[in-house]
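Coordinates in review
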Amino acid sequence: DAGITQSPRYKITETGRQVTLMCHQTWSHSYMFWYRQDLGHGLRLIYYSAAADITDKGEVPDGYVVSRSKTENFPLTLESATRSQTSVYFCASSDRSLNQPQHFGDGTRLSIL
Amino acid sequence: DAKTTQPNSMESNEEEPVHLPCNHSTISGTDYIHWYRQLPSQGPEYVIHGLTSNVNNRMASLAIAEDRKSSTLILHRATLRDAAVYYCLRPKTSYDKVIFGPGTSLSVIP
């Protein structure tokens, strides 16, 4: 079934380590997004991408790096993980414009010790 | 600063209508207003979106104020499965980034 897939679903790592969260979508949607959701809170945009090789910062980009060499993939990298980056990370995609509905993955629960 | 506000929580009896409000202090004329809901341990799920006039789909209705600074998600008959956190979203504009509201936790009482 086509959709949006995030991996891994769960990850535990240590401070200072580099971590990459993967996001893959099969719809060929133009836009892709990364959000973080801290326990008991809403969603905050980290980065988004309008197309391959086009990315832009969201509300909370510090400490994160993204790339988009192919339309279907949008990996998020924490270059040197910190405890404050412990969160649930959601990837989403939407077709053609920011005004189209976003379709979300199931999330990656990341714990940094 | 752009701000999107929602009540922290609301309660409804089963099979009663529910009106979930959202205020968006700055919104351009071309921004659609979106609503999503999130069940525990799941990703957000799209509910409905609209630009100016009222919108209906199989899940809900969306009423948008004439000045577009507020919207209301209407669940016509709440069921236990509608218990979730409901978020309104204002997509990125030339003024600001994508902004999710803080979310309203809806409880449905049997």
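In what follows, the accompanying structure is described. (Residues numbered from 1 in each chain as written. Chains lettered and ligands numbered in written order. Predicted model: local features only at pLDDT ≥ 70, side-chain atom pairs only at ≥ 80, totals over all residues. Heavy atoms only, no water.)

1. Digging into the overall build of chain A
- A count of helical and extended segments in chain A gives 0 helices and 11 strands.
- Taken over the C-alpha atoms alone, chain A extends approximately 40 × 25 × 25 Å along its principal axes.
- By the burial criterion, 48% of the 113 residues in chain A qualify as buried.
- Approximately 5,600 Å² of chain A is accessible, and the part contributed by carbon and sulfur atoms is 46%.
- Positive and negative side-chain charges in chain A, numbering 11 and 11 respectively, have mean positions lying 5 Å apart. (Helix = DSSP H or I, 4+ residues; strand = E, 2+ residues; numbered from the N terminus. Buried < 20%, exposed > 50% of the residue type's maximum accessible area, 1.4 Å probe, protein only. Areas by Shrake-Rupley, 256 points an atom, 1.4 Å probe, with all protein chains shown as cover. Lys, Arg positive; Asp, Glu negative; His and termini not counted. Charge placed at Lys NZ, Arg CZ, Asp CG, Glu CD.)

2. What to know about the interface of chain A and chain B
- Counting residues at the interface gives 21 residues for chain A, matched by 18 residues for chain B.
- At the boundary of chain A and chain B, one finds 0 salt bridges.
- If you look at where chain A meets chain B, you find 5 residue pairs in polar contact (both at pLDDT 80 or more).
- Sorting the residues of the side of chain A that touches chain B by element identifies β4 (31-37), β5 (43-51) and β6 (54-57) of chain A as the ones contributing at least two each.
- Grouping the amino acids of the side of chain A that touches chain B by side-chain chemistry returns 9 nonpolar, 8 polar and 4 charged. (Contact = heavy atoms within 4.5 Å. Salt bridge = Lys/Arg side-chain N within 4 Å of Asp/Glu carboxyl O. Polar contact = N/O pair within 3.5 Å; in protein donor to acceptor, adjacent residues only side chain to side chain. Nonpolar A, V, L, I, M, F, W, Y, C, P; charged D, E, K, R; others polar.)

3. Some thoughts on the layout of surface pockets
- The volume enclosed by the largest pocket comes to roughly 950 Å³.
- Q37(A), D38(A), H41(A), G42(A) and Y87(B) are the residues nearest the centre of the largest pocket, which is lined by 44 residues in total.
- Per element, the largest residue contribution to the lining of the largest pocket is 4 residues, and it comes from strand β11 (residues 108-112) of chain A.
- A breakdown of the residues in the lining of the largest pocket according to their chemical character gives 15 nonpolar, 20 polar and 9 charged. (1 Å grid on protein atoms, 1.4 Å probe; cavity = no way out; pocket = protein on both sides within 12 Å on 5 of 7 lines; lining within 4 Å. Points joined across faces, edges and corners; volume = space filled by probe spheres on them.)

4. Some details on the environment of E72(A)
All names here are of chain A.
- Position of E72 relative to the elements: it lies in the loop between β7 (64-66) and β8 (76-78).
- For the pair E72 and L113, spaced 41 residues apart in sequence, the C-alpha separation works out to 31 Å.
- Residues in contact with E72, not counting those within four places in the same chain, are C23, H24, Q25 and M32.

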